[in-house]
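Letter by letter, the chains look like this.
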Amino acid sequence: MAKFFIVFLASAICFTTLVNFAAADADDFDRFHIKGSVYCDTCRVQFMTRLSKFLEGAKVKLECKGRENQTVTLTKEAVTDSAGNYQMEVMGDHEEELCEIVLVQSPDPECGEVNNQEFLRNAARISLTANDGIVSNETRTINPLGFMRKTPLADCPQAFKELGIVPDVTF
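Residues numbered from 1 in each chain as written. Predicted model: local features only at pLDDT ≥ 70, side-chain atom pairs only at ≥ 80, totals over all residues. Heavy atoms only, no water.

Let's shift gears to the state of the cysteines. This model, assessed by the stated rule, comprises three disulfides. What pairs with cysteine 43 in a disulfide is cysteine 156, and their sulfur atoms sit 2.0 Å apart. Because the torsion about its S-S bond is -90 degrees, the bridge between cysteine 43 and cysteine 156 counts as left-handed. Here the residue cysteine 43 occupies a position in the loop between strand E1 (31–41) and strand E2 (53–54), and cysteine 156 occupies one in helix H3 (residues 156–163), the gap between them amounting to 113 residues. Residue cysteine 43 is classed as buried on the basis of its relative accessible area, which comes to 1%. (Disulfide = S-S within 2.5 Å. Helix = DSSP H or I, 4+ residues; strand = E, 2+ residues; numbered from the N terminus. Buried < 20%, exposed > 50% of the residue type's maximum accessible area, 1.4 Å probe, protein only.)

Okay, here's the thing in structure tokens:
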């Protein structure tokens, strides 16, 4: 009788632990940790170079819109830290929405221009659903986003020469 009671008690403990573990994992599918960085595009080429610098205090905004009517369903802002990185946590599944991170405000008055061409906005798109085939359900890492400097730095041509490219930029 004592053996039966011990086996029953051990089984009950294992079962409740399994139920709690499954419930915790289900909750995690609706929580997304978003991280990214913001830099100053010092050469106005719309990609990072050795002359680019990360911006502390830059504001970004997550915005989700309905696919059909473009109604804004979620907005959330974040500010970059001393290394130019931002983080935010979002709850809920947004499978039926288009979500993207957009640049809001630069802390540097010389580097505050935002290029809103469509191909750049797509680079900041983010999937906020567990139903998308991405293995990591919790963390979403965004491509670095850049504010452009008003005028390119004088060292930019040398940086391009080192990369072996000739950008479409006038110096």
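Looking at where cysteine 99 falls in the secondary structure, it is placed in strand E6 (residues 97–105). Accessibility expressed as a relative area gives 2% for cysteine 99, which makes it buried.

Quick look at the confidence of the model for the chain now. Mean pLDDT for the chain: 82, with 74% of residues reaching 70 or above. Counting contacts from residues 21–27, a segment whose pLDDT is below 50, to residues more than four positions away or on other chains yields zero contacts. (pLDDT = per-residue confidence, 0-100. Contact = heavy atoms within 4.5 Å.)

Let us now look at the nonpolar core. Ile34, Leu62, Tyr86, Ile101 and Leu128 are the most contacted members of the largest nonpolar core, which totals 24 residues. For this core, the elements supplying multiple residues, two or more each, are E1, strand E3 (59–66), strand E4 (72–79), strand E5 (85–91), E6 and strand E9 (145–148). Cys43, Val45, Cys156 and Ala159 belong to the second-largest nonpolar core, a separate cluster that totals six residues. (Core = buried A, V, L, I, M, F, W, Y, C linked by side-chain atoms within 4.5 Å.)

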